[in-house]
Each structure stands twice: as C-alpha cells, then as structure tokens.
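Residue-level structure breakdown
Here are the chains, one letter per residue:
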Amino acid sequence: MSTPRQPSGGGAGGRRPVKGAAPRPDAPRGQSAGRAQSPKAPNPKAQAPKAQPPRAQSPRPQGPKAQPAAPQPAKQSAAKGQGVRPRPAGAPQQRRSDGRPPAPRLRPQRRPPARRPASRGIRLADPRRRLRVITIALSVVFSIFAGRLVQLQLLDSDALAADANTNRYLNIPITAERGSITSSDGVALAATVDAYDITADPAMFTPEATGLPDAPEQAAALLAPILGVPKEKIAADLHTPKSRYKRLAAQQSPDVKNQISDLKSGLEKQAGSRACQAQKRLLNKPAEEGGRTRVDNECVNPLAGVFNRETQKRVYPSDGLAANLVGFVNAEGEGAGGLEQQYQKLLAGKDGRSSYAQAGGRLVPTAGGSLDPAVPGTDLRLTINRDIQWAAQRAITDQVANAGAEKGYVIVQDVRNGEVLAMATSPGFNPNDLSTAKNSELGNAALQDAYEPGSTAKLMTMAAVLDTGKATWDTKVTVPYPLVRGDVAFKDDIEHETWYLTLAGVLAKSSNIGTIEAAQTLGATQPEANRVLYDYLRKFGIGQQTGLGFPGETAGLLDKPEDWKASKQYTIPFGQGLSVNALQATSVFSTIANGGVRVAPSVVQGTTAPDGKYTRSPASEQSRVVSEQTAKTLTEMLESVVSDEQGTGGRAAIPGYRVAGKTGTANRVDPKVGGYRGYTASFIGFAPADQPRVTVSCVIQDPVNGHFGGQLCGPVFKQVMEFTLKTLQVPPSGSEAPNLPVEWKP
C-alpha cells in the first residue's frame, strides 16, 4: 500500500513529531512561532468537544518509519501566510531525515476553521402527537371494557346469573297438602299429617367441599340406623355431585327429623371448636409455616349437606276400614288404588316451589329467594256411613273365615238416592302398612270381580214377564224334573217330583226349570223371547259400567241375544251365562225397592275446595225400568222367599221388619282353570219391604263349608241389615207380609 503524501503547510513543510513525544497543542490564530513556546492556557475553542466522538485517526506508527498525516481540506492548505497549519489532533509528529525532531517554526496565521454545527441530542416527539396516540389507545381499551360490560350486564346477564345461582341457590319442591277422604259424617278415612323428607345436596359431599375423601360413606354410616335405609344406598345417592338434590328418605316422622337435627348440630359444634378453627386457618399454607393439606375428621361435619323438607304423610286413622274402596297411595304420595287413584288430580292439589340461597349448608336470609306456594287438594266426602261400614266389614270377614272361602263382599245401598252406605270386602288390607298385604288383596273385589249371579238374576226374568203382561204372580207353572231343551237336560238344585207352583212359588223355591218356562212366554219364538229379556237386562244396568268410574271396575258380560246359542238361551234366565259385579247385582234389587226406578249408584257425596266451600255432588241419573205395579208385585213375591216356610231365604228374616230378598247359588267360573269350579253363594234383599229404605247384598266366593246362598249369606244379610236399620233409625214395619201362595193343586 502506498503511503499518502504529506500535505503542504502553506510553503513550510510540516514538522515531524518526536517519537514518543506528546503532541503540542495547536497555536491560536495569529500566534508566532516564538510565542508558541510561552505557557499560555490553551484555547478551549481549539479543543474537540467532549460530546463529539473522536474522529477516525490513523494508528500511531510503531516503527521508525512514520506514517503520513491525513490530507487536510483544500481551503486550509491554500491559506498561505495565515499562520502555521494546525496538525490534526493525535497525528504523529514528523521527523527529520536524521531522526531528530524538526526545529520549531512559526505557524502562519490562518483563517479560523468553519464552525461545526452544534451537536444535537435525542429529539423529543411532538407532544400533541403523543397526546393523540395516548387518547386513541385509551379509547380502544375503554371500548373493550365497555363492550365486555355490555355483554356481561345486558347480553349474558341472565345466563351468568343462572350459572352463579346454580351453585348458590337450592330449588326445593313444596308438596301440596293432599285432600282428605271422609265418611258421610266428616270423620277422616284418609288424612294427611306433617312429615319430613330427608334430603341432601350431593355437591356438598365431594372431597373438595368437605376435605374428606369418604364424606358420603361417613354420612351414610350415621344416617342408616336412623332412617332404616341401607348405608350402601345412601352412599350411592351422595356420590352424584352433578345432582343438587337427592331424597334419602320420604315421609319421616318428626322424631326421625329431630334425631338427625340433633346429630347434625352436635357435629357442627365440634367442627367449630378452637382447635378445628386453627387447623382450618392452616389449610393450603406452606409447610414451613405449619400448613396442612386437610383437617382431622373430627373437624368436619359430614352431615352439613343433609337437610329436611317439610312435607306430608298419608295416614288412614281407621286402618283397614273401607280400605278397598278408599284405596292407598304409593311411596311418592300419589294415589295407587281405589278412590285415591281415581281422584288423584283433585286430591293432590298443585305443588309449589321454594328457592333460597345457602352457604355451607345454611340458609342465607339476606340473599333473597322465591316462593311459589302450593295449592292444597280438595277434600272428598263419601256416602259411606262409618258405623255401617264397620258392621258390614266385620260380618263378611267372620263369615269368609267360617266358610273357608276365598273372599266375599257386602254392599249396603240407600234405595232412594243410590248412595252406597257401605262396601266391605274380605280379605282386606291396612293401607298404613302395605308390606303385609298381598297384591290380590289390594283391589276392590266388589267392583272388580265379574261372577255369574245365579238365582238372584231370576228377579230380572220375573220382572220382564210381569211387566210385559205375559203372566201374573199367581200364574200356574208346572215344573217337571228334569227339563230337556235341545240336547241338554236342565235340573233344579234338588231332585224332585213334578212341582205345581205359582209364579211366586217359582221365585220362592228358586226353580231353574220354572224360570226357563216363564222366560219362554216373552216371545212367540225363542229368539224373540231372548230379545225381550236382553232389553230388560240392559235396563237394569247389566253389561255396562255402574257410573262410578272406579279404577278397574268390570262391566260384567252380557252377549247380544243373537249370540245366545244352544244352552245359553236357557241358562241366562236363571243367572248362568252372564256375569255381573256385586254393585250391579245390588242395584237391580234397589231398582225394585224404589218402585221400578233405577238410580245410578254413587259413593261421593260432595267435595270441599281449598277455600272451604262445600259442593254437593249432582243427583244421580234415574231411569224407569219397570212399572210401579210390577215393582210392588215383585216385592211381595220376594217376601215369600224369606217368610214362607218353603222359601230359601228364611235365615234372612228380621223380627219386626218385612224383608224381601232372593238367594243365589251358582257354579263359579274359576279364572285360574278357565272353567267352572266351586260355587258362588249370595243373598240380596231390602227392608222394610212395605217402605223400602236399604238394600244389602252378600256374596261369598268358593266356600268350602257349605255353598248355598241362604245358608252362608242369609245370616250375614240379617246381621248387617239389622244394624243398618237401627243406625238409620228406620221404624219397624206396620203390617204383615202378604204371604203369597207358592203352590197350586192340579
């Protein structure tokens, strides 16, 4: 690399600096060479500003050969006679060729160098621009805040509030008080008393909520002995944290509720002791500060999430009295049988709902809540007379046991208005303790059993014959034994020589053969006679519902007359080949007792609304079946059954009262085998016969000790009828029975 030329110093060569010597300060403008030696303070203007970084300089030569100085600007080199040209700061001093320093020489005065512009620091931004930027930034931030606020307070407020309340508020259903069922005198047969549902909030039994890994199991172990529920079931219910409500036991007594409340209070007091509070303060603190990950079991109340909800319990003060009619409720408090089921909606009322805030299992009174009150159910007042019901139930229960029968039922009906005063079945059940009852005992056999009535149905055949004018009570009937019709030989219940009976005698002696002969007179042909008899059976209510609307009630069975083929057209007149329920059969006799007018049966007298207003049930529908004269004649014929020594119902006689009635003994259709097996024994009658007031029916199914209706049901009828007449204070008959002749001599 070539060495740069040394610039000229205005005609005078530049001096070489002595090796190792410090550079001399430049002489001020106009200073001579001689004066350059004088020690004067250097001109501060000649020094480089401290703030300016040093210019790039050539490195100091390390060898004997000096490096040439950097070239100077043309203006400075051209200035002659202006003084010695200044040497750049830091440039090496020029030496002579012999190595000695050059002799000092005067530096020509030179023009002062052009003044460099003052060095500038960091220039600040325009404050107005800065203000605009800050304003825009703050506006964006506040806009985001405002938008989020609008979203939270306006758009999503309901959803967020609902989410917050999910963990804070408990929604508890309020069960409406169920309406009572009372007897006709207002005495409760089914009532509602205070009870408590033991409930829990499973979310309060998690390890996070309690600090216990086995809180459900601990709570179950404490509750199981009190509730009588397996602890495994309770623990399983508490292991459902997504559910905020579980019912652990329903309809518990106040004693059970108090036991749990006392136990819960004791545990809460223990968990609130000073020692336990100290442990809780150390939770989640560092170990060096004595922190704990959990507290001792004694410091946690495992029952904090257990509550009790006031509800009602259905009770039956008279135990099994009229239970088959009243029915029962299930574990949920809903009607599951009888009138409880039939009038479920009316009795149940309308449930309400309560919502309240809780913290730690305790009510927060200031947090608000909501209440939708429950509407109580309506009370039912039945037509059942409690005393008569008791008498009927006792009588049929005793006789079913004495006869070794499968079951039996008694119905008592007021003939004037169709009201059922008693409906008793045996065996019965106690609705307060369903665990001891069989499924077959939970129904109402008096309405749900369809049976062939046998001889009690002969009353309808005789009514058709008399009402159509085909015969009178004293019409002479010759009764052979047996009677062959088609390829079937029909017989009476006992073997006999030919009987010569009046029509009243046919009914009194309950002759099947005589009844067949009487029914044949209803038409010129057998099909025509069948049609006439069918129409009368329908008028009496056979083959159709009674109108009660009772759950499971049977309408019985009555085929169309064109289907009365072969032997059925001869058996139906004496009560085989058709089926009825006990209330249908009772209503037939009540129709005759009421002068031939049928009054639809009823069991509900009226209702009492939640506001206390009582509304009586509408009067039952009425329809005329036979004429009043026909009904009167039939009544006298029925009296012969009881009063005549040849009658089959002598055991039903009541001293002082004229009694009209009819026995029944029929082959029984056993649904278990799908055919006839055993017997159905019955007796139905009314009294007083001269001024009828009450009808009583008795039916016993599949008796073992005897099977005739007069033998088994006659005494039951007498017992119940006597009690009923005294209870209703019905005066004795004022006249003697007519005692219509039952036989004639050929």
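You'll find the structure just up there.
About the criteria used
- Residues numbered from 1 in each chain as written.
- Predicted model: local features only at pLDDT ≥ 70, side-chain atom pairs only at ≥ 80, totals over all residues.
- Heavy atoms only, no water.
- 1 Å grid on protein atoms, 1.4 Å probe; cavity = no way out; pocket = protein on both sides within 12 Å on 5 of 7 lines; lining within 4 Å.
- Points joined across faces, edges and corners; volume = space filled by probe spheres on them.
- Helix = DSSP H or I, 4+ residues; strand = E, 2+ residues; numbered from the N terminus.
- Expected span 1.5 Å × (residues − 1).
- Buried < 20%, exposed > 50% of the residue type's maximum accessible area, 1.4 Å probe, protein only.
- Contact = heavy atoms within 4.5 Å.
- Core = buried A, V, L, I, M, F, W, Y, C linked by side-chain atoms within 4.5 Å.
- Phe/Tyr/Trp six-rings, centres within 6.5 Å; stacked < 30°, edge-to-face > 60°.
- Lys NZ or Arg CZ within 6 Å of the ring centre and 35° of its normal.
- Pairing = 2+ DSSP bridges.
- Axes fitted to C-alpha atoms, helices over the stretch in contact; angles between N-to-C directions.

Quick notes on the layout of surface pockets
By volume, the second largest pocket amounts to about 720 Å³. If you trace the second largest pocket, you find 32 residues lining it, with Asp493, Asn512, Gln576, Thr665 and Ala666 closest to the centre. Those elements giving two or more residues to the lining of the second largest pocket turn out to be strand 16 (488-490), helix 18 (568-571), strand 22 (660-670), strand 23 (675-687) and helix 21 (709-727). Per-element accounting of the lining of the second largest pocket gives the leading share, six residues, to strand 22.

What about helix 21?
Relative to the 27 Å expected for 19 residues at 1.5 Å per residue, helix 21 spans 26 Å between its end C-alpha atoms, a close match to the ideal helical length. Buried within helix 21 we find Gly709, Gly710, Leu712, Cys713, Gly714, Val716, Phe717, Val720, Met721, Thr724 and Leu725. Buried residues along helix 21 sit against helix 12 (386-403), strand 12 (407-414), strand 22, strand 23 and strand 24 (694-701). Downstream of helix 21 by one or two residues, Gln729 has phi in the positive range, about 55°.

Details of the nonpolar core
Nonpolar side chains tend toward joint burial in soluble globular proteins. Counting 90 residues, the largest nonpolar core has Leu382, Leu503, Leu537, Phe540 and Ile542 as its most contacted members. Setting aside residues no more than four positions away along its own chain, Leu503 makes contact with Met462, Val465, Leu466, Ala471, Thr472, Trp473, Asp474, Thr475, Val477, Ala518 and Met637. Grouped together as the second largest cluster of nonpolar side chains are 32 residues, Ile388, Phe683, Val694 and Val730 included.

Things to note about the packing of aromatic side chains
For the structure on display, the rule yields eight aromatic pairs. A centroid spacing of 5.8 Å and a plane angle of 90° characterise the contact between Phe328 and Phe429, whose relative ring orientation is edge-to-face. Of the two residues, Phe328 is situated in strand 6 (residues 328-329) and Phe429 in the loop between strand 13 (420-426) and helix 13 (445-448); the sequence distance between them amounts to 101 residues. Judged on exposure class, the residue Phe328 and its partner Phe429 are both buried. Ring geometry for Phe490 versus Phe574: centroids 6.5 Å apart, planes at 75°, classification edge-to-face. Here Phe490, found in strand 16, pairs with Phe574, found in the loop between helix 18 and helix 19 (582-593); they are 84 residues apart in sequence, far enough to count as distant. Among the residues examined, Phe490 registers a relative accessible area of 7% and is labelled buried. Put simply, the rings of Phe490, Tyr570 and Phe574 pair up and form one aromatic cluster. Its end group placed over the ring of Tyr196, Lys257 keeps NZ or CZ at 5.2 Å from the ring centre. Above the face of the Tyr536 ring, Lys539 is positioned so that its terminal group lies 4.8 Å from the ring centre.

Some points on the sheet that holds strand 24
A sheet is described by the order of its strands in space; here five strands give the open sequence 13-12-24-23-22, paired in antiparallel fashion. Of all the strands in the sheet, just strand 13 and strand 22 have a single pairing partner and so form its edges. Between one strand axis and the next, the sheet turns by 10° as a mean value, whatever way the strands run. Taken together, the ten bridges between strand 22 and strand 23 define a ladder with antiparallel strand orientation. Considered in strand 23, the bridge of Ala666 is made with Thr680.

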